[in-house]
Amino acid sequence: GSELSSRRGSDVDCDRLEKRFKSLNFVVTVKRNLKQKQIKQELSSLSKKDHSKYDCCVVIILSHGTEASHSRFPGAVHGVDGPSVPVQNITSYLNGQHCPSLQGKPKLFFIQACGGGEKDTGFEVSPDEFQPSAGGVDDQTDALPKSSSSDSLSFSDEVDARTSLPTPSDILVSCSTFPGYVPWRDTQNGPWYVETLDRVLEESAAMNDLVTMLMMVNNEVSQISAKGLYKQMPGSFNFLRKLFLLPDSSPVTLPQGQGVTLPL
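For clarity, every value in this text was computed on a predicted model and none was experimentally measured. Residue positions are given per chain, counted from 1 along the sequence in the order it is written. Selection of residues for local features in this predicted model requires a pLDDT of at least 70, selection of side-chain atom pairs for listing and counting requires 80 or more, and totals for whole chains, interfaces and linings are taken over all residues. With hydrogens and water excluded, all non-hydrogen atoms of the structure serve as input to the side-chain values.

Participant: Sorry if this is basic, but what is going on with helix α2 (residues 36-47) here?
Facilitator: Residue pairs spaced three or four apart in an α-helix point in one direction, given the helix's 3.6 residues per turn. Only runs of H or I of at least four residues qualify as helices and only runs of E of at least two qualify as strands under DSSP, and these elements are numbered from the N terminus. Here the expected span of a helix is defined as 1.5 Å times the quantity of residues minus one. Taking 1.5 Å of rise per residue, 12 residues should cover 16 Å, and α2 covers 17 Å from first to last C-alpha, within 8% of that figure. Throughout, exposure labels follow a simple rule: accessible area from a 1.4 Å probe, protein chains only, divided by the maximum for the residue type, with under 20% read as buried, over 50% as exposed, and the rest as partly exposed. Among the residues of α2, Gln36, Ile39, Leu43, Ser44 and Ser47 are the ones counted as buried. Buried positions in α2, seen along its axis, are confined to an arc of 130° and lie on one side of it. Two residues qualify as a contact provided that any one of their heavy atoms is within 4.5 Å of a heavy atom in the partner residue. Buried residues belonging to α2 abut β1 (57-62), β3 (76-78), β4 (84-86) and α3 (87-92). The directions considered for the arc run from the helix axis to the C-beta atoms.

Participant: Can you walk me through the packing of helix α1 (residues 10-23) against helix α4 (residues 192-204) in this structure?
Facilitator: One can describe the packing of α1 onto α4 by two numbers: an axis separation of 10 Å at closest approach and a directional angle of 20°. Looking at the two axes, α1 sits roughly parallel to α4. In this structure, α1 meets α4 at a crossing whose hand is left-handed. Residues Asp13, Arg16, Leu17, Arg20 and Phe21 of α1 form the contact with α4, whose own contacting residues are Val194, Glu195, Asp198, Leu201 and Glu202. Angles here are taken between N-to-C directions and fall from 0 to 180 degrees, while the axes themselves are lines fitted to C-alpha atoms, restricted in helices to the stretch in contact. Any angle between 65 and 115 degrees counts as roughly perpendicular, while under 35 counts as roughly parallel, over 145 as roughly antiparallel, and the rest as oblique. With the far helix as reference, a near helix turned anticlockwise by less than a right angle produces a left-handed crossing, and one turned clockwise produces a right-handed crossing.

Participant: Got a minute to help me understand the pattern of salt bridges in this structure?
Facilitator: Where side chains of opposite charge bring their charged atoms close, a pairing between them can arise. Here, a salt bridge means any side-chain nitrogen of Lys or Arg that lies within 4 Å of a carboxyl oxygen of Asp or Glu. One pass over the structure, following the stated rule, counts nine salt bridges. Ionic pairing is found between Lys22 and Glu18, a salt bridge with its closest N-O pair at 3.1 Å. With Lys22 and Glu18 both in helix α1 and four residues apart, this pair spans about one turn of that helix. Among the residues examined, Lys22 registers a relative accessible area of 44% and is labelled partly exposed. Judged by its relative accessible area of 22%, Glu18 falls in the partly exposed class. Taking the shortest distance from any N to any O, the salt bridge between Glu202 and Arg20 comes out at 3.6 Å. With a gap of 182 residues between them, Glu202 in helix α4 and Arg20 in helix α1 connect regions that are remote in the sequence. Overall, Glu202 belongs to the exposed group, its relative accessible area being 53%. Connected via shared salt-bridge partners are Arg16, Arg20, Asp198 and Glu202.

Participant: I would appreciate a short explanation of the confidence of the model for the protein in the present structure.
Facilitator: For residues with low pLDDT, the predicted coordinates do not support detailed interpretation. Chain-level statistics for the protein give a pLDDT mean of 80 and a share of 73% at 70 or above. pLDDT under 50 marks residues 144-162. Its contacts with residues more than four places away, or in other chains, come to 20 contacts. Values of pLDDT, the confidence the predictor places in each residue, fall between 0 and 100. Contacts for the low-pLDDT stretch residues 250-264, under 50 throughout, to residues beyond four places or in other chains number 11 contacts.

Participant: Would you explain the packing of aromatic side chains in this entry?
Facilitator: Aromatic contacts are taken between Phe, Tyr and Trp rings whose centres are within 6.5 Å, Trp giving its six-membered ring; a plane angle under 30 degrees counts as stacked, one over 60 as edge-to-face, and the others as tilted. Per the stated rule, a full pass over the model turns up four aromatic pairs. Both rings, one in Phe73 and one in Phe239, keep their centres 5.9 Å apart while their planes meet at 75°; by these two values the pair is edge-to-face. Remark: Phe239 occurs in the segment after β12 (235-238) and Phe73 occurs in the loop between β2 (65-66) and β3; sequence separation between them is 166 residues. Using a relative accessible area of 6% as the deciding quantity, one classes Phe73 as buried. In textbook terms, an aromatic cluster arises when at least three aromatic residues are bridged by ring pairs, as seen for Phe21, Phe26 and Phe110.

Participant: Explain the packing of α4 against helix α5 (residues 210-222) to me, please; I cannot follow it from the model alone.
Facilitator: When two helices pack together, their arrangement is given by the angle between their axes and by how far apart the axes lie. Interaxial distance between α4 and α5 falls to 9 Å at its minimum, and their mutual angle equals 135°. It follows from the interaxial angle that α4 and α5 lie oblique. Of the two elements, α4 crosses α5, and the hand of that crossing is right-handed. Every residue of α5 that contacts α4 at Trp192, Tyr193, Thr196, Leu197, Arg199, Val200, Leu201 and Ser204 is listed here: Met213, Leu214, Met216, Val217, Glu220 and Val221. Three classes are used: nonpolar for Ala, Val, Leu, Ile, Met, Phe, Trp, Tyr, Cys and Pro, charged for Asp, Glu, Lys and Arg, and polar for all others, with Gly counted as polar. When the residues that make up the contact of α4 with α5 are grouped by side-chain class, the tally is 10 nonpolar, two polar and two charged.

Participant: What am I meant to see in the environment of Cys114 here?
Facilitator: Within the secondary structure layout, Cys114 lies in the loop between β5 (107-112) and β6 (133-134). You can call Cys114 buried: its relative accessible area is 3%. Cys114 sits 51 residues away from Ser63 along the chain, and the two C-alpha atoms are 8.0 Å apart.

Participant: I would appreciate a short explanation of the sheet that holds β3 in the present structure.
Facilitator: The pairing of strands in a sheet happens through backbone hydrogen bonds and is either parallel or antiparallel. A pair of strands counts as paired when DSSP detects no fewer than two bridges linking them. An order of β2-β3-β4 is seen for the three strands of this open sheet, with the pairing classed as antiparallel. One side of each edge strand has no neighbouring strand; the edge strands of this open sheet are β2 and β4. Two elements, β3 and β4, share three bridges in a ladder whose sense is antiparallel. Along β4, the bridge assignment pairs Val77 with Val85.

Put into C-alpha cells, the structure is as follows:
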C-alpha cells in the first residue's frame with residue numbers, strides 16, 4: 001500500500017558502504033527496512049548517545065525519496081511504510097542544539113534517494129570535454145510518481161553575545177542527485193552515486209579531503225548515461241568549518257621524534 005517498489009541492488013550498497021567505513025575505523029551500525037516512525041526513533045536515539053570519545057558522526061540513508069517543503073535542506077526520504085521524513089529534520093537531530101556531545105564536530109549525511117520526479121537528459125558538449133560512460137541496461141530510479149515542491153525561507157536576526165557557533169555548523173549533506181531529479185541505480189552494481197563514492201573513498205581517502213573527493217564523485221557520475229540518454233548530478237550542502245580528512249586504513253610509520261596533526 002505504500003506505492004514503493006523494492007529497491008533492487010540496495011543490499012549491495014549497504015554491504016559496500018559498511019565495509020568501506022569499517023575500513024576507515026568507523027563504528028558502523030546498520031538498520032534495515034525502517035518505517036517512518038522508526039527512522040525518527042533511531043535518529044533520536046543516536047542524538048542522545050554520548051559521542052564525546054568520537055571525532056565525528058556519519059549517517060547514510062538508502063531509500064526512495066521525493067521533494068518536500070523546506071527552509072534548509074531540500075528533499076525527503078521514505079520509510080518502507082510510505083510516509084517520508086524531510087532531510088532538514090534528519091539533520092536537525094544531530095545539530096548543535098539537539099546533540100551536545102557532537103558540538104563542534106563534523107556531522108556528515110549521505111543521502112541516496114530521489115530528489116524529485118524529473119529525468120535529466122542533459123545537454124550536448126564537445127566530445128573533448130569528457131569521456132562518457134554508459135550505465136547498466138536495467139538502470140532504475142528511486143522516484144515516486146507523485147511529488148510536490150514549495151520553498152520558504154526564514155531568518156532570525158537576534159543578536160547573541162555569547163560564545164557560540166551557528167546551529168547548522170559542521171554539517172555536510174551529500175545528495176545523490178540535484179533537487180527535483182531522479183538518481184539512477186544499476187540493479188546489479190547498485191546506484192551510480194554509491195558505487196562511485198565507495199571507489200573514490202578507497203582510492204583517494206589517503207590523499208584528499210572529503211570535499212575534494214565529493215567533487216570527484218560529482219564529476220565521474222555526471223559522465224554516466226542511463227539507457228544512453230539520462231544523466232545524474234550529485235551535489236552537497238557544505239557547512240563544515242575545517243578540512244575533513246579521513247584516516248588512512250593502512251598504518252603509517254613516522255621517523256622517531258616526528259608527529260603529525262590532522263584537523264577534524
